[in-house]
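Geometric and topological summary
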Amino acid sequence: MRPFTYERARSPAEAAAAARRPGTRFIAGGTNLLDLMKLQIETPAHLVDVNHLGLDAIEPTPEGGLRIGALVRNTDLAADARVRRDYAVLSRALLAGASGQLRNRATTAGNLLQRTRCPYFYDPAQPCNKRQPGSGCAAIGGITRQLAVIGGSEACIATHPSDMAVALRVLDAVVETVDAAGATRAIPMADFHRLPGDTPHVETALAPGDFITGVTLPAPAGGRHFYRKVRDRASYAFALVSVAAVVQPDGRGRVALGGVAHKPWRVEAAEAALPDGARAAMGGILDGARPTPDNAFKVTLAERALASVLAEARS
Ligand SMILES: Cc1cc2nc3c(=O)[nH]c(=O)nc-3n(C[C@H](O)[C@H](O)[C@H](O)COP(=O)(O)OP(=O)(O)OC[C@H]3O[C@@H](n4cnc5c(N)ncnc54)[C@H](O)[C@@H]3O)c2cc1C
Ligand code: SF4
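Residues numbered from 1 in each chain as written. Chains lettered and ligands numbered in written order. Predicted model: local features only at pLDDT ≥ 70, side-chain atom pairs only at ≥ 80, totals over all residues. Heavy atoms only, no water.

1. A short note on the layout of surface pockets
Size it by volume and the second largest pocket reaches roughly 250 Å³. Lining the second largest pocket we find 15 residues, and of these Gly152, Ser153, Glu154, Ile157 and Arg290 sit closest to its centre. Across the lining of the second largest pocket, the residue classes tally to seven nonpolar, six polar and two charged. (1 Å grid on protein atoms, 1.4 Å probe; cavity = no way out; pocket = protein on both sides within 12 Å on 5 of 7 lines; lining within 4 Å. Points joined across faces, edges and corners; volume = space filled by probe spheres on them. Nonpolar A, V, L, I, M, F, W, Y, C, P; charged D, E, K, R; others polar.)

Written as structure tokens, this is what we have:
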């Protein structure tokens, strides 16, 4: 690990201001950042500890939703009675991720900003446009079983690994930030994560130094909530494909997929077909997909996982 300096911020504004210093990273639970530092994939010169800012509350909003502080731990969010009752897809997605010990540390903001699990990103001996812009992409033509089938580019075909983010996308959550000048922004989840394009190292709509203060959920949508995660083993594994769905009694609903793209993938085509419920209608939910021979199975897996969720919703 390279040497770095450390400070403990006392307010969100102070944290954002501290990030003016070049090479600064915020550290929350540290469950992703520290691993990346040990591998020298992340080499911050300065760490700003944001664990003591009082951003660990889940509070009702005037609009009837919930505001989740950036430092709320994944365990506490999944266990919150209001989340379990009104936003069950979120609770289930969180509980499908990582392990109990990791969820006890992992935070809402850190989970959103965790880096890809592309194996080449973690191997400094391999070219990777995300780790080192302009160096190339070892995954293209390499081992791609875990990687994206839709929304990729000639520069990168990585997936976003977060389960929580897929649920937040289906719930139309909004990410709140503050910058060094004290300006705040509210970024809809639809716009928060980016597709790779020519700049896969730019993963979100955040500007350098932007600090996430919280995530807001709109008033509950009702309906039945599902999170189905398909993976190589039953725990402690990232999704090959996941389905987050909120299905209303009349069959209308919302669907987002994880494990298929560089960001949570909302599938409006499937939403239009939901009242129909026909299995055949779920074929083509990933129209425009460009899978590799290694990961073409994900397209069928996504269709079947969604069909299975809808069958359960009708039962
Ligand atoms: C073995 C293992 C298995 C895992 N399995 C899964 C899984 O199945 N599903 C899943 O979804 N996740 C999984 N994870 C990932 C885990 O959920 C993330 O590591 C965790 O959510 C990151 O949160 P953190 O608070 O520890 O982030 P940190 O590591 O502290 O930070 C991550 C990033 O977020 C930035 N950051 C943190 N807080 C803020 C803020 N408020 N504003 C701006 N930037 C901020 C940091 O600078 C850093 O760049 C796994 C992790 C491990 C190690
Ligand atoms: S797919 Fe993306 S993360 Fe993986 S090697 Fe290529 S550029 Fe790097």
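2. What to know about the site of ligand 2
Around ligand 2, the structure places 13 residues, and the nearest of them are Cys118, Cys128, Cys137, Cys156 and Ile157. Structurally, ligand 2 is housed in the largest cavity. The residue makeup of the shell around ligand 2, split by class, is eleven nonpolar, one polar and one charged. (Near = heavy atom within 4 Å. Sits in = over half its atoms within 2 Å of the grid points.)

3. A short note on the packing of aromatic side chains
This structure, assessed with the given rule, holds two aromatic pairs. Residues phenylalanine 121 and tyrosine 122 carry aromatic rings whose centres are separated by 5.4 Å and whose planes lie at 80° to one another, so their mutual orientation is edge-to-face. According to the relative accessible area criterion, phenylalanine 121 is buried, its value standing at 1%. (Phe/Tyr/Trp six-rings, centres within 6.5 Å; stacked < 30°, edge-to-face > 60°. Buried < 20%, exposed > 50% of the residue type's maximum accessible area, 1.4 Å probe, protein only.)

4. Some details on the side chain of lysine 263
Along the chain, the position of lysine 263 falls in the loop between β11 (253-258) and β12 (265-266). The buried charged residue lysine 263 lacks any salt bridge, with aspartate 191 as its nearest oppositely charged partner at 5.8 Å. Engagement of the side chain of lysine 263 in a polar contact is seen with the backbone oxygen of histidine 193, the distance being 3.1 Å. With near-sequence residues (within four places) excluded, lysine 263 lies in contact with His160, Ala190, His193, Arg194 and Leu195. (Helix = DSSP H or I, 4+ residues; strand = E, 2+ residues; numbered from the N terminus. Lys, Arg positive; Asp, Glu negative; His and termini not counted. Salt bridge = Lys/Arg side-chain N within 4 Å of Asp/Glu carboxyl O. Polar contact = N/O pair within 3.5 Å; in protein donor to acceptor, adjacent residues only side chain to side chain. Contact = heavy atoms within 4.5 Å.)

5. A closer look at the sheet that holds strand β3 (residues 46-49)
The strand order β1-β3-β2 describes an open sheet built from three strands, whose pairing is parallel. The sheet is open, and its two edges are formed by β1 (5-8) and β2 (24-27), each paired on a single side. Direction aside, the axes of adjacent strands within the sheet are offset by 25° on average. (Pairing = 2+ DSSP bridges. Axes fitted to C-alpha atoms, helices over the stretch in contact; angles between N-to-C directions.)

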